[in-house]
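# Understanding the architecture of this molecule
Below, each chain spelled out in residue letters.
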Amino acid sequence: MLIHALAVVAGFALLMWGADRFVAGAATTARNLGVSPLIVGLTIVGFGTSAPEMLVSATAAWQGNPGLAVGNAVGSNITNIGLILGVTALITPLEVHSGILKRELPVLLGVMILSLVLLLNGRLGRMDGVILLAAMVILIAWITRLALRGRDPDPLAQEYAQEIPSGMGTTAALGWVALGLVVLVASSRILVWGAVGIAHALNVSDLIIGLTVVALGTSLPELAASVASARKGEHDIAIGNVIGSNMFNLLAVLGLPGLIRPALLDPQVLTRDFPVMFAFTVGLFLLAYGFRTPGRITRLEGLLLVVAYCAYETLLYFSGRPPGV
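This write-up is about the structure you can find in this document.

### Remarks on the packing of helix H4 (residues 66-91) against helix H9 (residues 206-218)
- Where H4 meets H9, the closest approach of the two axes is 7 Å, and the angle between their N-to-C directions is 45 degrees. One element, H4, and the other, H9, form an angle in the oblique class. Where H4 crosses over H9, the handedness of that crossing is right-handed. Contacts between H4 and H9 involve Gly67, Leu68, Gly71, Asn72, Val74, Gly75, Ser76, Thr79 and Leu83 from the first element and Asp206, Leu207, Gly210, Leu211, Val214, Ala215, Leu216 and Thr218 from the second.
- Of the residues assigned to the contact of H4 with H9, the class counts are eight nonpolar, eight polar and one charged.

Here is the structure:
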């Protein structure tokens, strides 16, 4: 099992590096072509930070491991809210000032409900994948239109303007996009191979490995980005990274496996994991929306998110143990 564990570690490291280079190159290319930083941040950066989850899920489905793909999508959303936002708020209490994020939060709830309705029959089918990916296209178009029609400067725009790399030529940026994509594809194959090997060695399901090890690893770019943004006072980006990533996870990361290899779902996805994801998402909405005042996630609330995440991981540990162990 050692070689599989090393493959997982190497896969995660390469995924983080490849995603960083891909996002930096794509964001710089768009900025050099005259696209506003707000649109770049909400679409390209948001899409790019979910690239590890997308490629890992697509690779897992292609290789006949749909449980790992579904677990990665759902587990990443739980990890993003419970662990990433929880840890970030413990370091720096967060406040939401962006009107765009307040419009995205209800959309995230709607996306979650859509994915649940499609999966209630216990199957992730090809038509489900088509619907989810089509919804992702609609979502990107809506976000772009929202950014273009904003009358007042949104705090998120200034934060993204400060974060998008500058001083890089378009040719170099395109080179980083190509190299980042190659590294993402290669590392996702290495990671899936290692994760499946660990699952077989431990006699646990691909779903459990996807919900835990793979979900945590593919969420590392969001953790690094959110903590770094919060420490620089860019609270809206810290929370926006999670909101955008979670929407793309439910639409693209869940949609790709359905399109590539339709499969029956493990019943526990609907009875255990989706309710937990729903609870975390509703909790994020109540904390971050801010009905009359700016939304806030305090250190205490961050601690509660982390504790809830640890409780869920403990539940997975006991439910994933082989009988008699």
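### What to know about the pattern of salt bridges
- By the definition in use, this model includes three salt bridges.
- Between glutamate 95 and arginine 296 there is a salt bridge whose closest N-O contact spans 3.2 Å. In this pair, glutamate 95 is assigned in strand E1 (residues 94-96) and arginine 296 in strand E4 (residues 295-297), connecting sequence segments 201 residues apart.
- Linking aspartate 273 and arginine 272 is a salt bridge whose minimum nitrogen-to-oxygen distance equals 2.7 Å.
- For aspartate 273, a relative accessible area of 0% puts it in the buried group.
- Looking at arginine 272, the relative accessible area reads 9%, which means it is buried.

### Digging into the nonpolar core
- Counting 65 residues, the largest nonpolar core has Leu42, Ile78, Leu85, Ile243, Leu284 and Ile297 as its most contacted members.
- It is helix H11 (residues 235-260) that provides the largest number of residues to this core, a total of 12 residues.
- Leave out the neighbours within four places in its chain, and isoleucine 243 touches Leu101, Glu104, Leu105, Leu108 and Leu284.
- Membership of the second largest hydrophobic core comes to 28 residues, among which are Ala30, Leu68, Val177 and Ala195.

### Describing the packing of aromatic side chains
- Counted according to the given criterion, the structure contains three aromatic pairs.
- Arranged with centres 5.1 Å apart and planes meeting at 25 degrees, the rings of phenylalanine 285 and tyrosine 289 form a pair that is stacked.
- What makes phenylalanine 285 buried here is its relative accessible area of 15%.
- Exposure remark for tyrosine 289: the relative accessible area of 24% places this residue in the partly exposed category.
- Centre to centre, the rings of tyrosine 317 and phenylalanine 318 are 5.2 Å apart; their planes meet at 75 degrees, and the pair counts as edge-to-face.

Parameters at a glance
Residues numbered from 1 in each chain as written. Predicted model: local features only at pLDDT ≥ 70, side-chain atom pairs only at ≥ 80, totals over all residues. Heavy atoms only, no water. Axes fitted to C-alpha atoms, helices over the stretch in contact; angles between N-to-C directions. Helix = DSSP H or I, 4+ residues; strand = E, 2+ residues; numbered from the N terminus. Parallel < 35°, antiparallel > 145°, perpendicular 65-115°, else oblique. Left-handed = near helix turned anticlockwise from the far one by under 90°. Contact = heavy atoms within 4.5 Å. Nonpolar A, V, L, I, M, F, W, Y, C, P; charged D, E, K, R; others polar. Salt bridge = Lys/Arg side-chain N within 4 Å of Asp/Glu carboxyl O. Buried < 20%, exposed > 50% of the residue type's maximum accessible area, 1.4 Å probe, protein only. Core = buried A, V, L, I, M, F, W, Y, C linked by side-chain atoms within 4.5 Å. Phe/Tyr/Trp six-rings, centres within 6.5 Å; stacked < 30°, edge-to-face > 60°.

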